[in-house]
Every structure is written in structure tokens, then in C-alpha cells.
Amino acid sequence: MEQSPDNSDEVLKTEQCEVDLASYQKLLTENNENYDEKKKISIEFINLKYRVEYKKGNFKDILNDVSGKFLPGRLTAILGPSGAGKTSLLNILAGRKRIESQGCIIMNELKISSQTLQKYCCYIPQEFALMPLLTVKETLLIAAELKLNSTYDLHARELVINEIGNKLNLSDCWNSTVEKLSGGEKKRLSIGVEVITSPLVLFLDEPTSGLDSVSSKQVIELLHSLSQTGCTIVCSVHQPSSQLFSLFDDILILGQGKCFYCGPRDNIVDHFNEAGFICPNFYNPAEYVMEVITEKRADFSILEKLHANKKRENIFYSETKNDNDSNIKSRRYAVSDWIQLKVLLRRSFICIRRDNTLTKLRYVTHLIVALLLGVVFYKFGEVSSKVQSNIACIFFIILFLFFANSMPAVQLFPTEAAVFVRENSNNWYSLHIYYISKVVSDLPLQILCPSSFLIIVYYLTGQPWEVTRFFQSWIICILLTIVAQSLGIATGAAFNTDIGMFLIPAFNIPMFLFSGFFLKFGEMPYCFRFLSELSYFRYAFEGILQAIYGSDRRIFNCTIEMCISPRRILKQLNMPSVNYLTTNLALIIWTIILHITIYLVLRWKLHVAAK
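Residues numbered from 1 in each chain as written. Predicted model: local features only at pLDDT ≥ 70, side-chain atom pairs only at ≥ 80, totals over all residues. Heavy atoms only, no water.

### With respect to the overall build of the chain
In terms of helices and strands, the chain carries 21 helices and 11 strands. A buried classification covers 55% of the 611 residues belonging to the chain. At a minimum sequence separation of 6, the contacts of the chain that also span at least 24 residues come to 76%. (Helix = DSSP H or I, 4+ residues; strand = E, 2+ residues; numbered from the N terminus. Buried < 20%, exposed > 50% of the residue type's maximum accessible area, 1.4 Å probe, protein only. Contact = heavy atoms within 4.5 Å.)

Below, the structure written as C-alpha cells:
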């Protein structure tokens, strides 16, 4: 349905279009429940103080006795120079940063906690993580499926995202992937995914940053129209033009950590005039205010007194009572766990199919290296004189499977982790559902890559072509691949890409040093034997060797120079030190430990994001 932004409320002529437009308006004014039954939310904050320690024993005041009020059905702009405390104020009010601050926050005449704020507030930061391999349409549609309840069908959801796309001027890049979008297009898309439903409270940090004047106007017009549904919308804006300034209903002025004005836009000129700061005729009030606030020589005492008088006159707040969460519902999501899982799985499989690094390049690399090993070690497994080279081939197989699956994960997962933190914080889905979808979606490649690799290598290098031996080797390779990717994900979730790329090789040097290939188990220094007990390389290496050389395998094709039995090969390597089932169990335990670690790291990232 094509509509211009200026005529979005116009009733179309055909009966079908009238029904569609009515459906859109209904969706825009609902947020998982009947909008008429929702409470409109006003937010007051009184004497907020926040300081940071920039040097031991030295503190800097970021916010100092800041008071104000945000009303439902109105679009409020926070103006102020860099360092004025705009982002800190938004973080505190949105409940995203449970920082040590003083003061009182009141929602509908109830003193509330930051946890309560987070249940009702949607926060769009300046840096907004998106899935790079999804198209604009897919990003909006998946957001709609997770944010709109299941009573709305696919057609109704598409009406919403089409209208949002038109409003935000995203039609030209509708089928482009996010990684190919410009900075301005990404900014508009980040706003679009959160305004699909009409949130109760919406905070935005610099929503027009990086946008041209036309795109900025479209964004602010969309926010203004959304506020008319009863939503409380607050955004920080950096030097808005006079055209943008006229779209705001209320203004809050911050400077040097203090609030100099909070009230209707139309009264701001009179307020500054009263303080002795006369705005010239035909001058953009926003620019004049910024000039006054950023002028270090200006005397702000009169502005501060005027603002303090308004507080005493109870313009900002009235008598309140403490919130004991009796009227606050527990956190819930728009759709059921099953729908969350289906949507997240579909999104994961779309990204996997398009991923050139973690999917296509990874799989092709497995095939190329398998052929290379097959050519270099061709039929070595059948000749007793080449046993040492064959054992080296087996150890190389283990090293390749590990690093080929751990390094891509640690490189790519930080972006996905950032998306998860943002979406979970805005109540899209739960942690445990995301984690289940991640485990399930990774499983096919964790099976396909090592299976294809092992089939080629096993045949070309002349390993015993017996079902039991091949199956045992295959089990070890699959388990090691899962361990490798799990370690990569855990490292990528806990650290950034640069640190993770260093930690993976550094952490694994002692692991493969004490794997039994470089040092026999009996030759290891006693004080370092515990590293061998911990090494997943040791269990993978010994497991494959037992699969290939154990269980009374037939004698090799002997040469005049050498004829050695498989049992003697294992004995020379001090194997078996544990039985085959124990090697499997050790790798499974490592997998469980790493998955618990991943879950805890993601839980920790959510906690840090809210601190």
C-alpha cells in the first residue's frame, strides 16, 4: 500500500484500503494489549544527581539537582551541548543504567525503581546494533512478529512495516541487507524496529544524528505522530533546525549538568527573556539557547532561580507515594515462547544461509583442506612404515577442526551479542529462548562441516574403512567441533573481536602441548599432568587413535624395513590411558561447561548493560 507521509491519515476510497488503513491505525495504537485499557505514563524526576570518579578521590558532577517532567501525548526534546549530561539522564530515566544516582523518579505519582522503569520504557541508543545479513524488510518483519501479539496475521504485520518504511523513507533500500545501508538508513531502521508498536514510553539518544535535513524531518514527524497516540516520547537532539524545533511540544535545557528550563516549547523564549537573555526576532530559539548555554561567561544564576521557583510552585511534581510494585505487572513478552523460538530460528537460518564467512567460506575451507591432506598423506594409513606421518596427519585433523570452527565464531559473535542485549533489554524475547535457538541453529553446520571433511580425509589417507571405526572417529570430530565453536562463542561474547582473536590461540597452546602428541603421557612433568587431564585435544587425539588403531585391528601392510602391530603403536604412545567412552564423556563435559559459560556471560552482559 503506497502512501505519502503527509497523507498517512487520509481515508482511501476503496473499501479494501479503508479496512487496511483501519487495521494499521489499530496496530499503531496497541502494544500487546487493548490500548484503551493502558495507562498513559507521565515521568517526573526530582533533584537527580549523578557523579563519576574520573581519578581516585576526584569526582565530576554529570547531573546536579536536575528536575523536570515528561508528559504523555507530547514529544519532548532534551537540548544541551556535549557533556551536558543528556545521555546520562536518558540512561537513568530509561532504567538501562542502574548507576549510583541520587534523587527521585516518579511515574504516575508513584516513586519507582529502575527495574520498574525498564518494564515500560523502550530505549534507542545512539549506537544501535542490527543483524547485518537481514534485509530492511526482514528486520522490520521479524521485529513485528516478536513485538505484535499473535492475534495479528502476516498481512496485518506487513501493513505496519510498509507504513513505517514509507514514513522513514526506507522504500529504496527495502530489499538491501543492513550491512549495505548508509549510516542514515541504519539510523532510520533502528527507530523503525522499535516504533512498530506504540510503546508506553520511548527514549531516543540523538535519533537525527547522521541524517540529512529531509530524513531528520521525517524521523521527528514520525515521533510526533506517534506521541499523539498517548505515548511519552523523549529524545536528545543536537542543534535542531527551526523546522525541527517547531515539531517538539516540550523542551528540556541541560547545561553543565544543570537544568535551566523544562516546559512547553512556546514558553522557552519568554523564560529566557525573563532571565535577561533576549532572543532576537526571526532567530532560531534552539540555536540561541545553545549559544547562551555554551557561553562560559554568561550568568546562569537567574535561570537557575527561575527553574527553582517553578519547582517550588509544584509545576513538576505533587505528593507521591512509594511504589511497592503492587500495580506493576511482571515482565512479559508479546508472544509465547514457542513463537519466539520459531522466529529466532528462522532469523538464524536466514543469516547462516547468507553468511559468506561462517557458512560458505567455512564449508569450502573444510573441503579444500580435506583434499590437501588426502593428497599429501595419500594411503599413509595402510602402510606400517608411515605410521608416524599418519599420526601427525590425525593430530593435524584435530587442530584444523578446532581452529577452523572457533576463530570465525569469536570474530562474528560480538555483533550478534550486541543485538541480543539490545533486543532483550527492550523485551523482545527471553534469554533462555534465544539461547535455545542459538544452540539449535548452530547444530547443522557443526555436523555438516566435520562430516564432509572426515569422509574425504578418511578415505584418501587410507584409514581402515570399517563402519565402527569410522563412526567412532566421526563422533570425536563432531564433539570437538562443538567444543571449538562453543569456546569461540564464549570468548566472543565476553570480549571484543581483537582480544578474542588473541585469547583463543594463547589459551590453547598449553592444551595441545599436553595433548599426548608432543609429549607422551608418561614423560610429562608431574606438576603439569593436570593440564593433560584438562586438555580436550588430548581426549580427541586419543579417541581417534583408539578408533583407528584399537580393538585388535589387522596387521598393516608390512615392508622389509618395518612391520609393526596397531596394538604396539598405541603402547608406544602410552595409550590407552583412558577408554574410548571416557574420551567422549570428557568432550561432552567440556561442551556442557562451555555452554553454561556462554549462558552466564550473556546473563552478565545483560546485567552490565543495566548497571
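Structure's up, so let's keep going.
### What about the sheet that holds strand S7 (residues 201–205)?
Read from one edge to the other, the open sheet built from six strands follows the order S6-S7-S8-S3-S9-S10, with strand pairing classed as mixed. The outermost strands of the open sheet, each flanked by one partner alone, are strand S6 (121–124) and strand S10 (258–264). Averaged over neighbouring strand pairs, the angle between their axes works out to 15° when direction is ignored. Where strand S9 (residues 250–255) lies against S10, six bridges are found, and the strand directions are antiparallel. Following the sheet pairing, Gly255 is matched in S10 by Lys258. Taken strand by strand, helix H2 (residues 86–93) contacts strand S3 (75–79), S6, S7, strand S8 (232–236) and S9, and its axis lies near 155° from that of S7. (Pairing = 2+ DSSP bridges. Axes fitted to C-alpha atoms, helices over the stretch in contact; angles between N-to-C directions.)

### Digging into the packing of helix H15 (residues 431–460) against helix H21 (residues 580–609)
The N-to-C vectors of H15 and H21 enclose an angle of 140°; their axes lie 11 Å apart at closest approach. With respect to their mutual orientation, H15 and H21 come out oblique. For the pair H15 and H21, the crossing hand works out as right-handed. Side by side, H15 and H21 meet where Leu431, His432, Tyr434, Tyr435 and Val439 of the first sit next to His595, Ile596, Ile598, Tyr599, Leu602, Arg603 and Leu606 of the second. For the contact of H15 with H21, a count of residues per class yields nine nonpolar, two polar and one charged. (Parallel < 35°, antiparallel > 145°, perpendicular 65-115°, else oblique. Left-handed = near helix turned anticlockwise from the far one by under 90°. Nonpolar A, V, L, I, M, F, W, Y, C, P; charged D, E, K, R; others polar.)

### Quick notes on the nonpolar core
Core analysis: the largest hydrophobic core is formed by 91 residues, its most contacted members being Leu189, Leu202, Leu223, Ile251, Ile253 and Leu602. It is helix H4 (residues 136–147) that contributes the most residues to this core, seven residues altogether. Filtering out sequence-adjacent residues up to four positions away, Leu189 remains in contact with Leu130, Val136, Thr139, Leu140, Leu170, Val178 and Leu181. (Core = buried A, V, L, I, M, F, W, Y, C linked by side-chain atoms within 4.5 Å.)

### Topic: the state of the cysteines
For the structure shown, the criterion picks out zero disulfides. Left without a disulfide partner, Cys122 is nearest to the cysteine sulfur of Cys231, which lies 8.7 Å away. Residue Cys122 is classed as buried on the basis of its relative accessible area of 6%. (Disulfide = S-S within 2.5 Å.)

### A closer look at the environment of Lys520
One can find Lys520 in the loop between helix H17 (497–513) and helix H18 (529–534). Taking C-alpha positions, Lys520 is 8.5 Å from Gln572, a pair spaced 52 residues apart along the chain. If near-sequence neighbours (up to four positions away) are discounted, Lys520 is found in contact with Gln572 and Asn574.

### A short note on unusual backbone geometry
Phi is positive for Asp65, close to 55°, though the residue is something other than glycine. For Asp65, the location among the structural elements is in strand S2 (residues 58–70). Judged by relative accessible area, Asp65 falls into the partly exposed class, the value being 32%. Here Gln239, not a glycine, exhibits a phi torsion of approximately 50°, which is positive. On the secondary structure map, Gln239 appears in the loop between S8 and helix H8 (242–245).

None of the figures reported here should be taken as evidence of function without further support.
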